[in-house]
There are 2 protein chains.
Amino acid sequence: MSTPLEQTEIDFIEEMTLKMEETGLPRIACQILSWLMICSPVHQSFSDLIENLEISKASVSNMTRLLMQMGLIEKIRIHGERQIHFQIKNQAWVDLLEIQTQQVFDLMKISQKGIDLLANKDEFNTLRLEEMNKFYSFLSEEMPQLIDRYKNS
Amino acid sequence: MSTPLEQTEIDFIEEMTLKMEETGLPRIACQILSWLMICSPVHQSFSDLIENLEISKASVSNMTRLLMQMGLIEKIRIHGERQIHFQIKNQAWVDLLEIQTQQVFDLMKISQKGIDLLANKDEFNTLRLEEMNKFYSFLSEEMPQLIDRYKNS
DNA sequence: CATTTTGTTTAGTAATTTATAAACAAAATG
DNA sequence: CATTTTGTTTATAAATTACTAAACAAAATG
């Protein structure tokens with residue numbers, strides 16, 4: 001058994017969890033992520049997570065898998081310890097935005113399909129679609145550049 | 001009664017709906033949004049939406065309200081027509097990103113709170129938090145500039 | 001001002017998602 | 001190789017969300 005979390009830690013987890021839930025991530029995934037941002041040591045074992053966050057073994061198994069798939073955390077082995085440990089990945093947040101940028105690209109493609117669709121029907125009211133396509137084309141070009149600029153700074 | 005949608009239109013709505021649902025928006029909101037991107041005329045009445053998308057009156061009422069709150073569509077009155085009409089707002093997608101940029105700012109603030117929390121505990125493992133804070137500070141500064149650059153282009 | 005049309009709200013159902021307990025599998029230890 | 005520890009999967013319960021029908025309210029028409 002580990003010592004229970006301090007109130008300041010609970011408060012931080014709650015605040016960050018609330019914000020991260022807005023992105024659609026399940027509550028427990030957000031709690032794990034938030035705790036991993038402030039825990040010491042920086043890595044936590046399976047049972048550390050179960051005890052500190054008072055969540056089930058199954059939730060830890062499922063939500064850590066989800067967070068790993070998203071590229072936000074990673075599994076590590078600690079010398080001499082049997083249990084898997086988890087920690088926040090380096091540059092996790094940068095990687096996340098890079099993945100999300102794919103969505104921008106997809107919306108650019110979809111808006112182009114819309115333009116083509118109206119063209120085939122000799123419909124000229126393409127302003128909505130042109131606006132959308134122009135903006136997402138801009139972002140598809142600029143976002144990777146912005147991220148690169150950050151990485152090289 | 002209006003003429004039923006063409007298959008190409010149905011396909012477009014389905015594709016864009018699928019992509020937009022990834023953002024957590026309800027299915028019917030996505031369908032309305034997608035249809036409003038390609039319909040002619042560009043504005044659609046309450047019953048146009050009901051008939052064309054085969055959805056309930058209540059869904060139209062609730063989901064158009066949601067889309068208006070998000071700033072993606074607007075209500076308009078058509079001269080001589082009793083029914084409310086809806087259409088995509090100008091620069092809807094630019095406005096949407098501007099709102100989402102608030103989230104970046106919030107995460108910057110939260111990561112700063114985490115840094116302060118660890119400092120108060122004389123805990124020096126703040127790399128995770130410093131990385132997050134540095135990146136979201138960068139984005140809080142750069143995203144508004146990027147959007148401005150788009151607007152003035 | 002009674003009637004019809006238009007739109008919102010309420011109440012209930014259906015469907016999905018979240019979280020867990022329990023069963024199971026795999027791996028490490030003695 | 002039997003036992004314990006560790007982690008995953010399955011089945012289910014709980015909670016939330018999405019959607020609609022029906023009741024209701026408001027506004028326009030004749």
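Rules behind the numbers
Residues numbered from 1 in each chain as written. Chains lettered and ligands numbered in written order. Predicted model: local features only at pLDDT ≥ 70, side-chain atom pairs only at ≥ 80, totals over all residues. Heavy atoms only, no water. Core = buried A, V, L, I, M, F, W, Y, C linked by side-chain atoms within 4.5 Å. Buried < 20%, exposed > 50% of the residue type's maximum accessible area, 1.4 Å probe, protein only. Contact = heavy atoms within 4.5 Å. Near = heavy atom within 4 Å. Polar contact = N/O pair within 3.5 Å; in protein donor to acceptor, adjacent residues only side chain to side chain. Pairing = 2+ DSSP bridges. Helix = DSSP H or I, 4+ residues; strand = E, 2+ residues; numbered from the N terminus. Axes fitted to C-alpha atoms, helices over the stretch in contact; angles between N-to-C directions. Lys, Arg positive; Asp, Glu negative; His and termini not counted. Salt bridge = Lys/Arg side-chain N within 4 Å of Asp/Glu carboxyl O. Phe/Tyr/Trp six-rings, centres within 6.5 Å; stacked < 30°, edge-to-face > 60°.

### Some thoughts on the nonpolar core
Core analysis: the largest hydrophobic core is formed by 95 residues, its most contacted members being W93 of chain A together with W93 of chain B. With residues near it in sequence (within four places) discarded, W93 of chain B still touches M132, F135 and Y136 of chain A together with M16, M20, L33, M37 and L72 of chain B.

### Notes on the protein's contact with DNA strand C
Around DNA strand C lies a shell of 18 residues, among which R27 and S59 of chain A together with K57, S61 and I84 of chain B are the nearest. When atoms of DNA strand C within 4 Å of the protein are sorted by moiety, sugar and phosphate together comprise 71%. A distance of 2.6 Å is found between a phosphate oxygen of DNA strand C and a side-chain nitrogen or oxygen belonging to S59 of chain A. A distance of 2.8 Å separates a phosphate oxygen of DNA strand C from a polar atom in the side chain of S61 of chain B.

### Notes on the sheet that holds strand β1 (residues 44-45) of chain B
All names here are of chain B. Taken together, the 3 strands give an open sheet; going across it, the order is β1-β3-β2, and neighbouring strands pair in antiparallel fashion. The open sheet is flanked by β1 and β2 (73-77), the only strands paired with a single partner. Where β2 lies against strand β3 (residues 84-88), 5 bridges are found, and the strand directions are antiparallel. Note on β3: the bridge partner recorded for I76 is H85. Sheet contacts for helix α4 (residues 57-69): β2 and β3; angle to β2, the most-contacted strand, approximately 115°.

### Quick look at the side chain of E123 of chain A
On the secondary structure map, E123 of chain A appears in the loop between α5 (92-120) and α6 (127-151). Among buried charged residues, E123 of chain A stands out as having no salt bridge; its nearest opposite-charge side chain is R128 of chain A, 5.7 Å away. Ignoring any residue separated from it by four or fewer positions in sequence, one finds E123 of chain A in contact with L118 of chain A together with S40 of chain B.

### Describing the packing of aromatic side chains
Under the counting rule described, the total for this entry stands at 10 aromatic pairs over all chains. Between F138 of chain A and Y150 of chain B, the ring centres sit 5.1 Å apart and the planes meet at 55°, which makes this aromatic pair tilted. In this pair, F138 of chain A is assigned in helix α6 and Y150 of chain B in helix α6 (residues 127-151), connecting two distinct chains. Just as F138 of chain A is buried, Y150 of chain B falls in that class too. For the ring pair F46 of chain B and F86 of chain B, a centre distance of 6.2 Å and an interplane angle of 45° mean the geometry is tilted. Here F46 of chain B, found in helix α3 (residues 46-53), pairs with F86 of chain B, found in strand β3; they are 40 residues apart in sequence, far enough to count as distant.

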